[in-house]
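Remarks on the overall topology
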Amino acid sequence: MATGELSTEQQRISSLYDRLDRERAAAKAALDAALRDPHERRVHREVAVRTWSEQLGRLKVAEEGLCFGRTDHTDGSRRYIGRIGLSDPADDYRPLLTDWRAPVARPFYTATGAHPEGLTRRRHFRTRGRRLEGFHDDELGLADAALREALDAPRGGTMRDIVATIQAEQDEVIRLDHRGVLVVEGGPGTGKTAVALHRVAYLLYTRRERLARQGVLVVGPNAGFLRYIGDVLPSLGETDVVFAAPGELFPGVRAVREDTLELRGLKGGLAAVDLLREAVADRQELPERPIPVELEDVTVHVDASAALYARDRARASGLRHNEARQVFHDALADALVEPALALIGPDWAELADDVRRELGDSPDLRRAVDALWPPLTPRRLLADLYEGRCFAVGYPELYRADGSAWTVSDVPLLDEAAELLGTSDEAERAAERERAEQVEYARGVLEVVDTDPELHEDELRAVDLVDAEWLADRHEARDHRTTAERAAADREWTYGHVVVDEAQELSEMEWRVLMRRSPNRSMTVVGDLAQRQAEAGARSWDAVLSPYVGDRWVHRRLTVNYRTPAAVMDYAASSLALVDPSAEQPVSVRRGESPVEMEVDDLAVVWRLCAESGTFAVIGVDGGLSPREAKGLEFDTVVVVEPERMTAAERYVAFTRATQRLVVVRLKR
Ligand SMILES: Nc1ncnc2c1ncn2[C@@H]1O[C@H](COP(=O)(O)OP(=O)(O)OP(=O)(O)O)[C@@H](O)[C@H]1O
């Protein structure tokens with residue numbers, strides 16, 4: 001990057017900030033004037049104050065990353081793209097900065113090598129505060145040479161964007177105008193991940209209203225993979241995109257530990273839904289001994305038959321466990337009225353309403369309800385199940401000493417449990433309390449503002465403009481978190497679009513979670529059935545998707561391998577044939593070097609060899625990366641240790657991670 005060019009761009013950006021400062025000063029002056037204008041009618045003043053406050057807010061937010069891009073057009077013109085639009089009033093409002101949402105800014109987001117949309121170059125600025133630290137260019141409309149150069153370049157620790165060299169079949173997927181589920185299938189290295197991420201960037205731009213509000217969820221196989229792809233999306237989209245591994249889909253849990261193969265199968269299949277239903281039913285108990293409920297004159301007992309009656313009523317209500325607690329309580333109270341009246345005496349039937357009321361308020365009865373039909377959180381339900389209740393429910397294999405040591409396959413069960421249990425009224429009461437506290441806080445703020453000694457009597461006071469509720473709402477709306485942060489913390493958040501990478505690995509239970517997060521079924525599903533390592537994973541896309549969308553999903557195939565040299569793919573072919581004899585290999589762009597096989601005394605030799613060769617990974621079943629961890633990644637050199645100890649699918653994944661060289665190592669015995 002030429003220093004001269006950097007300083008020219010810096011000057012340009014500085015002058016944009018000067019313009020911003022001037023607009024801010026003007027907005028501030030207008031706000032002050034509106035606040036102090038004694039003649040204006042209150043309603044007009046209120047509108048003016050809000051308008052100018054919002055304008056000031058917008059200008060303030062634009063401070064960070066005011067200008068982040070430039071587009072150069074085939075007609076020789078040039079445009080600077082930024083968070084807001086700015087123009088020069090002294091020069092007939094000549095545009096200085098184009099708002100990224102303006103239609104003319106579109107090519108900045110959507111142009112690709114295959115569709116340059118009238119651009120010759122796109123420039124991305126990297127700024128810190130008001131200082132320009134650097135920029136990088138996508139030269140568009142490039143020939144094959146650029147693709148080759150990109151593919152031959154050594155790989156870094158993170159994935160790069162491919163906008164400049166996107167190929168036609170990939171471009172079609174990125175821009176496909178399909179609102180439902182799109183399945184993108186293709187062999188290793190065909191750019192499925194790259195394409196899915198560019199599609200997100202494209203959708204974030206073309207459907208930004210909905211997506212900025214609801215956010216996009218990108219699910220990838222593990223945290224290492226998510227770090228690897230995290231830099232690909234243009235920085236603008238970052239606040240709207242949640243990256244999560246399957247072990248992170250339940251807020252507050254970050255599971256990385258894996259269960260045994262058998263348990264993964266048990267927890268991943270649809271039968272787990274029934275298992276959970278049984279676990280919930282197990283918490284709707286009958287008393288072993290009658291539980292006394294003391295009333296003013298008599299003591300009645302919650303015995304098994306009263307509890308059975310109440311349980312049947314509560315179950316028949318169709319409400320979820322926590323929500324049905326009140327039904328259980330009321331039914332139990334009903335069941336105890338007769339016994340109480342019998343004890344009080346045969347002549348006191350007219351006391352029935354009083355007794356019912358007394359039972360309704362009885363702390364003893366509340367305690368009995370808590371014991372027999374307790375409020376449950378998903379974590380409590382599962383931890384108790386694993387720590388011992390699994391024996392009673394008939395699944396002893398689920399036992400573990402620390403029930404809360406969550407595994408990846410527990411996550412969909414936690415989510416399913418949340419569905420079965422419903423929100424507990426306790427939790428809702430807490431939210432209600434929180435809201436009351438916010439209003440109280442807002443009132444406090446108003447009082448402070450209202451007694452500000454600086455203000456004169458005839459000046460507008462804050463309470464004239466706002467009330468506590470409004471302030472509390474604003475306080476909430478300003479809840480400084482981004483869409484992505486709010487979405488990630490909220491189990492019931494529904495996303496505008498969901499991307500599933502390495503989708504062949506997800507279990508049926510994991511699909512249920514994702515479908516709950518995506519009620520509009522706007523999804524990009526990316527995978528390769530031949531690379532499936534998970535026993536509980538997908539065997540056909542139709543089997544996975546038809547329960548949710550029938551046959552209303554669209555399928556696209558990518559056929560060219562941009563990563564793995566043909567020589568390595570030939571070597572991997574026998575493993576692929578074992579996984580699926582009918583599977584077609586993608587065609588590799590490069591021939592590359594033939595894989596090397598060697599026998600070594602110990603792995604130290606291998607590490608020394610690799611240290612000289614760009615990025616590398618050693619993949620093995622014990623030591624280095626496991627085939628599971630290597631999923632979706634790539635390295636200049638890949639060393640696979642003792643492939644015979646892997647399954648065919650694992651071997652296939654391991655071999656195809658190499659961009660340049662594959663070394664296969666066996667240890668001398
Ligand atoms: N059009 C392209 N121009 C330049 N590089 C590309 C292009 N398409 C893909 N690549 C590169 O090819 C490599 C493989 O891409 P990617 O990881 O998206 O493939 P994949 O299909 O998800 O692979 P796998 O299923 O094996 O994980 C990456 O380095 C990516 O940047």
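Here the structure is a predicted model, which is why all the values come from computation and not from measurement.

Bringing the environment of N561 into the picture now. Along the polypeptide, N561 turns up in strand β15 (residues 560–561). For the pair N561 and G189, spaced 372 residues apart in sequence, the C-alpha to C-alpha distance is 4.8 Å.

For the pair helix α23 (residues 566–579) and helix α26 (residues 648–655), interaxial distance at closest approach is 8 Å and the crossing angle is 160 degrees. By the criterion of interaxial angle, the relationship of α23 to α26 is roughly antiparallel. In this structure, α23 meets α26 at a crossing whose hand is left-handed. Across from V568, Y571, A572, S575, L576, L578 and V579 in α23, the residues of α26 making contact are A648, A649, R651, Y652 and F655. When its residues are assigned to classes, the contact of α23 with α26 shows ten nonpolar, one polar and one charged.

This part takes up the UniProt feature "binding site: ATP" (unreviewed entry) in the chain. Within this numbering scheme, the UniProt entry marks G186, G187, P188, G189, T190, G191, K192 and T193 as carrying the feature "binding site: ATP" (unreviewed entry). Using a count of 27 C-beta atoms within 10 Å as the deciding quantity, one classes G187 as buried. Excluding residues within four positions of it along the chain, G187 makes contact with D528, N561, Q585 and P586. Positionally, T193 belongs in helix α6 (residues 192–206). Its 24 C-beta neighbours within 10 Å are what place T193 among the buried residues. Residues within four places of T193 in sequence aside, it is in contact with I229, D501, V526 and G632.

Our next topic: the sheet that holds strand β17 (residues 596–600). Across the sheet, which stays open at both edges, the four strands sit in the order β17-β20-β19-β18 with parallel pairing between neighbours. Of all the strands in the sheet, just β17 and β18 (616–619) have a single pairing partner and so form its edges. Strand-to-strand twist of the sheet, defined as the mean angle between neighbouring strand axes without regard to direction, takes the value 25 degrees. Direction of pairing for β18 relative to strand β19 (residues 635–641): parallel, over a ladder of four bridges. The partner of V618 across the bridge, within β19, is V639.

What counts, and where the lines are drawn
- Residues numbered from 1 in each chain as written.
- Predicted model: local features only at pLDDT ≥ 70, side-chain atom pairs only at ≥ 80, totals over all residues.
- Helix = DSSP H or I, 4+ residues; strand = E, 2+ residues; numbered from the N terminus.
- Axes fitted to C-alpha atoms, helices over the stretch in contact; angles between N-to-C directions.
- Parallel < 35°, antiparallel > 145°, perpendicular 65-115°, else oblique.
- Left-handed = near helix turned anticlockwise from the far one by under 90°.
- Contact = placed C-beta atoms within 7 Å.
- Nonpolar A, V, L, I, M, F, W, Y, C, P; charged D, E, K, R; others polar.
- UniProt positions renumbered as here; feature names shortened; annotations may be inferred.
- Buried ≥ 20, exposed ≤ 12 C-beta atoms within 10 Å, placed from the backbone.
- Pairing = 2+ DSSP bridges.

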